[in-house]
Amino acid sequence: MIKDAYFSETTCVKNMPSHSTTSDDTITQFINCFLLRDQKLLQEDLWVRHGKILDPEKVFFDEKVPADVRVDCCGKILAPGFIDVQINGGYGVDFSSSGADLQDGVQLVGKKLLTHGVTSFCPTIVTSPTQVYCQDLPLLHRSVGGEHGAGVLGVHLEGPFISREKKGAHAAELLRTFTARGTKDVFDIYGDMDNVSIVTLAPELPRSHEVIQELNRRGICVSLGHSIANLSQAEAAVQQGACFITHLFNAMLPFHHRDPGIVGLLTSDQIPPGRTIYYGMIADGIHTNPAALRIAHSSHPTGLVLVSDAIMAMGLSPGIHRLGQQHVEIHGLHAFVEGTQTLCGSIATMDMCLRHFWKATGCSVEAALEAASLHPAQMLGVSDRKGTLAHDSDAGWWIMNDFVLLDDELRVSATYIAGKRVWKQSDD
Ligand code: ZN
């Protein structure tokens, strides 16, 4: 028997039936929605069972079974869950200085991220003392998301192997170079790297090539950033396996027509065949000018990955907050060191960045959504199970299909993980 759940525009998500009361074999059919699939919004239903997206033809013709539950999406967009591969914290939590409270902090942020459509993220640790890596990295396991919060897709380590000239807010006294020990330096500093997915480093540092090769061999994505590399150094790093650029334009040489530096990778003819170079962009309207967003997007749209690069002040109310050793003043989307005009990081959420990017570039809704979902999944090598609404895309232990419901203005109405609703916008 089909349980229908038809709702008005304002209450369609609120009245969804509880999946916790249904059996494991429940088939849920999301109807009246526009699915993001293969760069297009298609008016199709989405069928889900066991957290997997089903091929509707197989359900009809092979199994000959109807849906157990129907959910009317009221004409909204149903897109893959967002993946934030660079987030330093939020809601008062700093992943780089949480100490013994780190796991609680990651869980708190993960829970809050559901309200912004983020279903997976890479907690990011900035340049830190060795003991922080050794204590924290073993605790930051990859995890499957759910009602408890967004899943963790591995840690992003930003520094300490970065350029002194482009260190940004990283602590100068903790920066490192590679010695004759080469890759051994990396493991001496970080310790156990089993939970690491991304390392941001500066490719102009001597011996970086052997480090890039070794990290690549271990399945860790090397990202180029906080760097003064010229284009040929950047191209050589990509040829060694680097696949990402950390916050394009920020903390690297500015574009110059005779040597465009790392930025030049976007149109380089030296990218190995079959490879894509991905690049993160902080589209908060503050860290990157809209014209720069447009240049990047129009020259290399399939590599663009939206990141929040949010700091612990993200999600806090306007006013003054004590964050670590600092007092931070929040006005709108700006976070200043109290009493100054010094910006202390991004406080934009992924859904804000998505909307700003969409409006600033004039790109299609499909392109904007893929920059927040498909591209980061491809960059991390998990697009077989994340960032796409393909049928039966999941395999193995990580059976997950995460998606978000959005209105025409790309505001998040509800968030689903493994086909189960984990957050919905209040009607109040
Ligand atoms: Zn940075």
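Residues numbered from 1 in each chain as written. Predicted model: local features only at pLDDT ≥ 70, side-chain atom pairs only at ≥ 80, totals over all residues. Heavy atoms only, no water.

A few points about the overall build of the protein chain
Then comes step 1: In terms of regular secondary structure, the protein chain is built from 10 helices and 22 strands.
Then comes step 2: Computed over the C-alpha atoms, the radius of gyration of the protein chain is 22 Å, within 12% of the 22 Å expected from 2.2 N^0.38 for a compact globule of 428 residues.
Then comes step 3: Each of the three principal axes of the protein chain carries a C-alpha extent, and together these read 70 × 50 × 40 Å.
Then comes step 4: Out of the 428 residues belonging to the protein chain, those deemed buried represent 57%.
Then comes step 5: Expressed as a percentage of contacts within the protein chain between residues at least 6 apart in sequence, the contacts between residues at least 24 apart total 69%.
Then comes step 6: For the protein chain, the accessible surface area stands at approximately 17,500 Å², while carbon and sulfur atoms represent 51% of it. (Helix = DSSP H or I, 4+ residues; strand = E, 2+ residues; numbered from the N terminus. Rg over C-alpha atoms; globule rule 2.2 N^0.38 Å. Buried < 20%, exposed > 50% of the residue type's maximum accessible area, 1.4 Å probe, protein only. Contact = heavy atoms within 4.5 Å. Areas by Shrake-Rupley, 256 points an atom, 1.4 Å probe, with all protein chains shown as cover.)

What to know about the coordination of the zinc ion
Reference geometry at the metal: tetrahedral coordination by four donors gives ideal angles of 109.5 degrees; octahedral coordination by six donors gives 90 or 180 degrees.
Then comes step 1: Of the protein atoms, only Glu158 (OE), His226 (NE2) and His247 (NE2) coordinate the zinc ion, at distances of 2.1 to 2.2 Å.
Then comes step 2: Written as a sequence motif, the donor arrangement for the zinc ion is E-x67-H-x20-H. Highlighted residues: histidine 226 in the loop between β13 (221-224) and α6 (231-240) and histidine 247 in the loop between β14 (244-245) and β15 (278-282), separated in sequence by 21 residues. The same class applies to histidine 226 and to histidine 247, which are both buried. (Donors = N, O, S within 2.8 Å, 3.2 Å for Na, K, Ca; no water.)

As for the pairing of strand β12 (residues 196-201)
Then comes step 1: Counting buried positions along β12 gives six out of six residues, so the element sits mostly inside the fold.
Then comes step 2: With helix α4 (residues 183-190) bridging strand β11 (residues 155-158) and the parallel β12, this β-α-β connection has right-handed handedness.
Then comes step 3: For β12 and β13, the ladder comprises four bridges, and the chain directions are parallel. Bridged to threonine 200 within β13 is serine 223.
Then comes step 4: Following the backbone out of β12, through helix α5 (residues 208-217) and into the adjacent parallel β13, one traces a crossover that is right-handed. (Right-handed = clockwise from strand over helix to strand, strands pointing away. Pairing = 2+ DSSP bridges.)

Description of the packing of aromatic side chains
Then comes step 1: Under the defined criterion, the tally for this structure stands at seven aromatic pairs.
Then comes step 2: For the pair phenylalanine 161 and phenylalanine 178, a centre-to-centre distance of 4.6 Å together with 15° between the ring planes defines the contact as stacked. Remark: phenylalanine 178 occurs in the loop between β11 and α4 and phenylalanine 161 occurs in the loop between β11 and α4; sequence separation between them is 17 residues.
Then comes step 3: Given a relative accessible area of 1%, phenylalanine 161 falls into the buried group.
Then comes step 4: Residue phenylalanine 178 is classed as buried on the basis of its relative accessible area of 4%.
Then comes step 5: For the ring pair phenylalanine 403 and tyrosine 416, a centre distance of 5.0 Å and an interplane angle of 25° mean the geometry is stacked. Of this pair, phenylalanine 403 sits in strand β20 (residues 403-406) while tyrosine 416 is found in strand β21 (residues 412-417), placing the two residues 13 residues apart along the sequence. Residue phenylalanine 403 shares its accessibility class with tyrosine 416, and that shared class is buried. (Phe/Tyr/Trp six-rings, centres within 6.5 Å; stacked < 30°, edge-to-face > 60°.)

Regarding the domain arrangement of the protein chain
Then comes step 1: The assigned domain composition of the protein chain is domain 1 (4-80 + 389-424) and domain 2 (82-248 + 274-380).
Then comes step 2: Between domain 1 and domain 2, the residue contacts involve 26 residues of the former and 27 residues of the latter.
Then comes step 3: Summed over both sides, the interface of domain 1 with domain 2 buries roughly 2,000 Å², with 72% coming from carbon and sulfur.
Then comes step 4: Where domain 1 meets domain 2, there are two salt bridges.
Then comes step 5: For glutamate 147, the salt bridge is made with lysine 420, and the minimal N-O distance between the two is 3.6 Å.
Then comes step 6: The interface formed by domain 1 and domain 2 includes five residue pairs in polar contact (both at pLDDT 80 or more).
Then comes step 7: Every element with two or more residues in the side of domain 1 that touches domain 2 is listed here: β2 (40-43), β5 (69-80), β20, β21 and β22 (420-424).
Then comes step 8: Residue composition of the side of domain 1 that touches domain 2, grouped by class: 16 nonpolar, two polar and eight charged. (Domains from an automatic or database assignment. Buried area = accessible area lost by both parts, 1.4 Å probe. Salt bridge = Lys/Arg side-chain N within 4 Å of Asp/Glu carboxyl O. Polar contact = N/O pair within 3.5 Å; in protein donor to acceptor, adjacent residues only side chain to side chain. Nonpolar A, V, L, I, M, F, W, Y, C, P; charged D, E, K, R; others polar.)

Things to note about the nonpolar core
Then comes step 1: Counting residues in each nonpolar core, the largest one holds 91 residues, and the members touching the most others are Phe82, Leu157, Tyr190 and Leu265.
Then comes step 2: In terms of residue count, the dominant contributor to this core is helix α8 (residues 350-361) (six residues).
Then comes step 3: Among the domains, domain 1 (4-80 + 389-424) and domain 2 (82-248 + 274-380) are the pair contributing at least three residues each to this core.
Then comes step 4: The contact partners of leucine 265, leaving out residues within four places of it in the chain, are Leu224, Leu231, Ala234, Glu235, Val238, Ile245, Ile271 and Ile277. (Core = buried A, V, L, I, M, F, W, Y, C linked by side-chain atoms within 4.5 Å.)

Overview of the pattern of salt bridges
Then comes step 1: For the structure shown, the criterion picks out 11 salt bridges.
Then comes step 2: Note that lysine 359 and glutamate 409 form a salt bridge whose closest N and O atoms lie 2.9 Å from each other. With lysine 359 in helix α8 and glutamate 409 in the loop between β20 and β21, this residue pair connects regions lying 50 residues apart in the sequence.
Then comes step 3: In this structure glutamate 409 comes out as partly exposed when scored by relative accessible area, which is 33%.
Then comes step 4: Linking aspartate 402 and lysine 386 is a salt bridge whose minimum nitrogen-to-oxygen distance equals 2.7 Å. Taken as a pair, aspartate 402 in the loop between α10 (374-380) and β20 and lysine 386 in the loop between α10 and β20 lie far apart in primary sequence, 16 residues in all.
Then comes step 5: Residue aspartate 402 is classed as buried on the basis of its relative accessible area of 6%.
Then comes step 6: Owing to a relative accessible area of 4%, lysine 386 belongs among the buried residues under this scheme.
Then comes step 7: Via salt bridges that share partners, Arg181, Asp185 and Asp188 belong to a single interconnected network.

Overview of the layout of surface pockets
Then comes step 1: Taken as a whole, the largest pocket encloses approximately 950 Å³ of empty space.
Then comes step 2: The class makeup of the residues in the lining of the largest pocket is 12 nonpolar, 15 polar and three charged.
Then comes step 3: Space inside the second largest pocket adds up to approximately 330 Å³.
Then comes step 4: Lining the second largest pocket are 22 residues, with Arg142, Val196, Ser197, Gly219 and Ile220 sitting closest to its centre.
Then comes step 5: When residues of the lining of the second largest pocket are traced back to their parent elements, those giving at least two are β12 and α10.
Then comes step 6: Residues belonging to the lining of the second largest pocket are distributed by class as follows: 11 nonpolar, six polar and five charged. (1 Å grid on protein atoms, 1.4 Å probe; cavity = no way out; pocket = protein on both sides within 12 Å on 5 of 7 lines; lining within 4 Å. Points joined across faces, edges and corners; volume = space filled by probe spheres on them.)

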